[in-house]
Amino acid sequence: MNYPFDLLYRVRKPASYIGSEYNLIRKNPEGKVKVALAFPDTYEVGMSNLGFSIIYHIINSREDALAERIFAPWIDMEELLRRRKVPLLTLESGKSVNEFDILAFSISYELNYSGILTILDLCGLPLLSSERKELPLVIAGGECTSHPAPIIPFIDCFAVGDGEEVINEIIDTFKDWRLNSRDKYELLVALSKIEGIYVPGISKTVRKRFIRNLDKAPYPTKPLVPNTEIIHDRAVVEIMRGCTRGCRFCEAGFLYRPVRERSLEMIKKLSSEILMSTGYGEIGFLSLSASDYSNLEGLVRYIKEELIPSHIAVSIPSLRIDTVSREFYEAIGEIKRGLTFAPEAGTQRLRDVINKNITEEDIFKTMDIVSREGWEAVKLYFMIGLPTEQDEDVIGIAKLLNSIREKYRKLNLNVSISLFVPKPHTPFQWARQITLEEAREKIRLLKSKINRRINLSWHDPQVSLLEGILTRGDIDVSKAIITAWRKGARFDAWTDRFSWDVWEESFRENNIDIDFYTREKTLLDPLPWDFVNTGISKEFLWNEYQLSLSGFKREDCRKAGCYNCGVCSY
Amino acid sequence: MVFVRIEYRKFGPLVFISHLDLIRCWERIVRRADIGVSFTEGFHPRPRFSFSPPLPVGFEGERELLDIKLEKPCLDIKNRINRVVPQGIYVNNIFFIQQSDLGESVIGGLYSFQWLGDTDRVELEKGLEDLGLKDWLYNSEQLTQTSIFHFKNSLTIPLLFEKGYPSPKKIVELVDGIGEVVWLKLSRVQLLER
């Protein structure tokens, strides 16, 4: 425990700041490259992030380096730290980040951007790279580095794509540099030569890194076991990275291509090692689309024959109901928990536009199984504001839900509506995002048509609008991020903390025209993430966009053949 | 049926975890220690546990109790557990027992509060009386090197888990209400058994 007792005693969630997890190793810092790994959200969110855990493990596996963790402190803790003039301390050794060589952020969500500034500031570092002449070097990895423009001024160097290899190259480069130089600029030049690294001001472009073989990739087999409940509080084994279904709105689906699977043997080996070393009573098998795992049958057998008899609970997110047997769902207790299912759009036409290959027949087939097998609740996800959406598509959601409700009266229907946010590196990167007024109008329309017994919830349109601006923003947006942060923007991903007024004011004060970032773009418009090469060609994405507008869908390329997105020859 | 009663210390960083966190923490400890505990049925099998009454967050427990039901007797339980505990839990003793009766036999705890602050003695004693308390041990020690505060205070009170007795948190609130203090340590020194 690194903060004074009295300080922790006065915050709401002191357990987030104590560290001391089982499996924690404290290393002697002597002569090592010291990395502070930072996650710009709470401990509970950051500790649930697999990428963060992988990088922590890789650095600490090296004899010549160490990694320690920091997370964004909650509001009460931040206030107390400032009042008592205590800097943010790492959970391992309780040192201030000033004593580290590298401060490495893991950034996977745009609404965490304000957390980057909180951490920099509480570490006593200037917010802007241009004002940081000394170490620590501030680097960033995670999904958001594939469209980093709005946070470029805060970060010295970005790693794009899978981090497993590049983190080692960064540390090696750092070691070489330290032997010969003290000049930070020389370090940045050396780093810019690593593939997958983007150094603002030095690099022109950057190519995404990806690891080819998951079986050979390092994986944390002795992960830290949190002492307090985190969001995903279980052992985790990633069974597959990437997805080839080609849903046109899905950023992860394009960013994580090509699809790479972990072999069943490796999954078994990792699972048993992790369960043994942590004592977890639950394991989750992670992927973007578990139903597409080639040896799903073998995995199911392993779960039934080995895990369940050893009193281990299992969760497989993103598993489609029609791909495994009823017995299996029953065995893992999924029937009790309730099914989640994402048709995303209410009419076939619109599902074709977004390339969500689910038909109305599939939906009813799923509901048939659900009701026949006695599931009590179903959670359905839809988006509004998708490209080409008309009133009849919104009404289509209501019609679809009403007829499900009509047919399966006993079923508890929970519906979650979110607003479509066009994402970089997807075919919809050129698409328009609807305005707040339109969003409210569509929600009103939907509510007026939908059976009142259906539980409807929706994401705050203002949060989606902010996400849209930050995700497709350019470097100018960074000024508004600083302004909003100074005005008190913290934890924007948390609905009870989010304040649109603060952001709107900040955009206005910095002459940020919201419409410029949300309107439709043409092939001729330069995009702020054009310099990031994810391996997928822009022509392919544009072509997909055009096909989408005419309602032409594509099958999964692993089944129907190659469409030349470019990633496999990358 | 075999029960093992574990007498352990909860200290250091783990004083800040809640009772629910503590249960999860012990669940993982006994799975790692592999001592043959008995699990509940269902989709989320849990070890069959029985804990002494919850410690408030922030309190150290010097002699806490936990009963675990075992499938079969197991040797060397104390060492097997102490090899796999996180920093902040340590087993002092174990006993094999016939029956788990923690709920009935434990009736209260002896609590200790330590803080820095120039707390007014009369006000404190009046506050304690208002809370319906009669027995306590209070000591205030003058500090030689002082910065903001001149006294180090310690208060020890037995509190029963029954109606009419305040929770230890109430006493913390009372002291906090009298004047500015810095807390040094809060603890349940021992459980009071029937």
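Here is what the cut-offs are and how they apply
Residues numbered from 1 in each chain as written. Chains lettered and ligands numbered in written order. Predicted model: local features only at pLDDT ≥ 70, side-chain atom pairs only at ≥ 80, totals over all residues. Heavy atoms only, no water. Pairing = 2+ DSSP bridges. Helix = DSSP H or I, 4+ residues; strand = E, 2+ residues; numbered from the N terminus. Axes fitted to C-alpha atoms, helices over the stretch in contact; angles between N-to-C directions. Contact = heavy atoms within 4.5 Å. Buried area = accessible area lost by both parts, 1.4 Å probe. Salt bridge = Lys/Arg side-chain N within 4 Å of Asp/Glu carboxyl O. Polar contact = N/O pair within 3.5 Å; in protein donor to acceptor, adjacent residues only side chain to side chain. Nonpolar A, V, L, I, M, F, W, Y, C, P; charged D, E, K, R; others polar. 1 Å grid on protein atoms, 1.4 Å probe; cavity = no way out; pocket = protein on both sides within 12 Å on 5 of 7 lines; lining within 4 Å. Points joined across faces, edges and corners; volume = space filled by probe spheres on them. Core = buried A, V, L, I, M, F, W, Y, C linked by side-chain atoms within 4.5 Å. Buried < 20%, exposed > 50% of the residue type's maximum accessible area, 1.4 Å probe, protein only. Expected span 1.5 Å × (residues − 1). Arc of directions from axis to C-beta. Domains from an automatic or database assignment.

1. Quick notes on the sheet that holds strand β14 (residues 377-384) of chain A
Residues and elements named next belong to chain A.
Move 1: An order of β13-β14-β15-β16 is seen for the four strands of this open sheet, with the pairing classed as parallel. Lying at the two open borders of the sheet, with one neighbouring strand each, are β13 (339-344) and β16 (455-458). Sheet twist, expressed as the average angle between the axes of neighbouring strands with direction ignored, equals 20°.
Move 2: Both strand β15 (residues 412-419) and β16 contribute to a ladder of four bridges, which runs parallel. Across the sheet, the residue bridging to N414 is N455, located in β16.
Move 3: Together, β14 and β15 form the strand contacts of helix α15 (residues 391-407), whose direction differs from that of β14 by roughly 170°.

2. Some remarks on the interface of chain B and chain A
Move 1: Across the contact, 34 residues belong to chain B and 34 residues belong to chain A.
Move 2: Interface area for chain B against chain A, summed over the two sides, is near 2600 Å², with a carbon-plus-sulfur share of 60%.
Move 3: Area buried by chain B at its contact with chain A is led by F16, R28 and F43 of chain B, which between them contribute 29% of it.
Move 4: The interface formed by chain B and chain A includes four salt bridges.
Move 5: With a shortest N-O distance of 3.5 Å, E229 of chain A and R24 of chain B are connected by a salt bridge.
Move 6: Linking chain B with chain A are ten residue pairs in polar contact (both at pLDDT 80 or more).
Move 7: Taken together, the elements giving at least two residues each to the side of chain B that touches chain A come down to α1 (19-33), α5 (168-178) and β8 (182-193) of chain B.
Move 8: With seven residues, α1 of chain B is the largest single contributor of residues to the side of chain B that touches chain A.
Move 9: A class-by-class count of the residues in the side of chain B that touches chain A yields 20 nonpolar, four polar and ten charged.

3. Overview of the layout of surface pockets
Move 1: Roughly 470 Å³ of volume is contained in the second largest pocket.
Move 2: In this structure, the second largest pocket is lined by 20 residues; those nearest its centre are L275, S310 and I312 of chain A together with R31 and D34 of chain B.
Move 3: Secondary-structure elements contributing two or more residues to the lining of the second largest pocket are α9 (264-278) and α10 (296-307) of chain A together with α1 of chain B.
Move 4: Here the lining of the second largest pocket is built from residues that sort into ten nonpolar, five polar and five charged.

4. Quick notes on the nonpolar core
Move 1: Residues F105 and F285 of chain A together with W26 and F113 of chain B are the most contacted members of the largest nonpolar core, which totals 220 residues.
Move 2: In terms of residues, this core owes the most to one element, helix α3 (residues 50-61) of chain A, which gives seven residues.
Move 3: Residues in contact with F113 of chain B, not counting those within four places in the same chain, are F59, N153, S154, L155, I157, P168, I171, V172, W183, K185 and L186 of chain B.
Move 4: Grouped together as the second largest cluster of nonpolar side chains are 21 residues, A345, L541, Y545 and V567 of chain A included.

5. Quick notes on helix α6 (residues 166-180) of chain A
All names here are of chain A.
Move 1: A rise of 1.5 Å per residue sets the reference length of α6, with its 15 residues, at 21 Å; its end C-alpha atoms lie 21 Å apart and thus fit the reference within 8%.
Move 2: Buried within α6 we find V166, I167, I170, I171, T173, F174 and W177. All buried residues of α6 fall inside an arc of 160° around its axis, so they share one side. Exposed residues lying more than 90 degrees from the buried face of α6 are L179 and N180.

6. Structural notes on the pattern of salt bridges
Move 1: Taken as a whole and assessed by the stated rule, the structure comprises 59 salt bridges over all chains.
Move 2: Taking the shortest distance from any N to any O, the salt bridge between E79 of chain A and R83 of chain A comes out at 3.9 Å. Taken together, the positions of E79 of chain A and R83 of chain A, both in helix α4 (residues 75-84) and four residues apart, correspond to about one turn of that helix.
Move 3: For R121 of chain B, the salt bridge is made with E125 of chain B, and the minimal N-O distance between the two is 3.4 Å. Of this pair, R121 of chain B and E125 of chain B both sit in helix α4 (residues 121-130), four residues apart, which is roughly one turn of the helix.
Move 4: Exposure remark for R121 of chain B: the relative accessible area of 42% places this residue in the partly exposed category.
Move 5: The network of salt bridges with common partners includes D162, E164, E238, R241, R260 and R262 of chain A.

7. So, the domain arrangement of chain B
Residue and element names in this part refer to chain B.
Move 1: Domain assignment breaks chain B into domain 1 (2-100) and domain 2 (107-193).
Move 2: Relative placement of domain 1 and domain 2: their C-alpha centres are 29 Å apart.
Move 3: For the pair domain 1 and domain 2, the summed buried surface comes to about 1200 Å²; carbon and sulfur atoms form 58% of the total.
Move 4: Linking domain 1 with domain 2 are two salt bridges, by the criterion used here.
Move 5: For R188, the salt bridge goes to E64, with nearest N and O atoms at 2.6 Å.
Move 6: Between the two partners, domain 1 and domain 2, sit six residue pairs in polar contact (both at pLDDT 80 or more).
Move 7: Examining the composition of the side of domain 1 that touches domain 2, we find that six residues originate from one element, strand β3 (residues 60-70), more than from any other.
Move 8: Counted by class, the side of domain 1 that touches domain 2 contains seven nonpolar, three polar and five charged residues.

8. Observations regarding the sheet that holds strand β11 (residues 282-286) of chain A
Residue and element names in this part refer to chain A.
Move 1: Spatially, the three strands line up as an open sheet ordered β8-β11-β12, and their pairing is parallel. Edge positions in the open sheet fall to β8 (235-238) and β12 (313-315), since each of these has one partner strand only. Direction aside, the axes of adjacent strands within the sheet are offset by 20° on average.
Move 2: Where β8 and β11 come together, four bridges link them in parallel fashion. Across the sheet, the residue bridging to A235 is I283, located in β11.
Move 3: Helix-sheet contacts for α10 involve β11 and β12, and the interaxial angle to β11 is about 175°.

9. Focus on the pairing of β3 of chain B
All names here are of chain B.
Move 1: Taken across its eleven residues, β3 has eight buried, putting it largely inside the fold.
Move 2: Sheet topology note: the strand β1 (residues 2-10)/β3 ladder contains eight bridges and is antiparallel. Note that in β3 the partner of F3 across the bridge is K69.
Move 3: Direction of pairing for strand β2 (residues 49-51) relative to β3: antiparallel, over a ladder of three bridges. Counterpart to F51 in the pairing with β3 is L66.
Move 4: The sheet contact formed by β3 and β8 spans two bridges and is parallel. Pairing of E60 across the sheet is with S187, part of β8.

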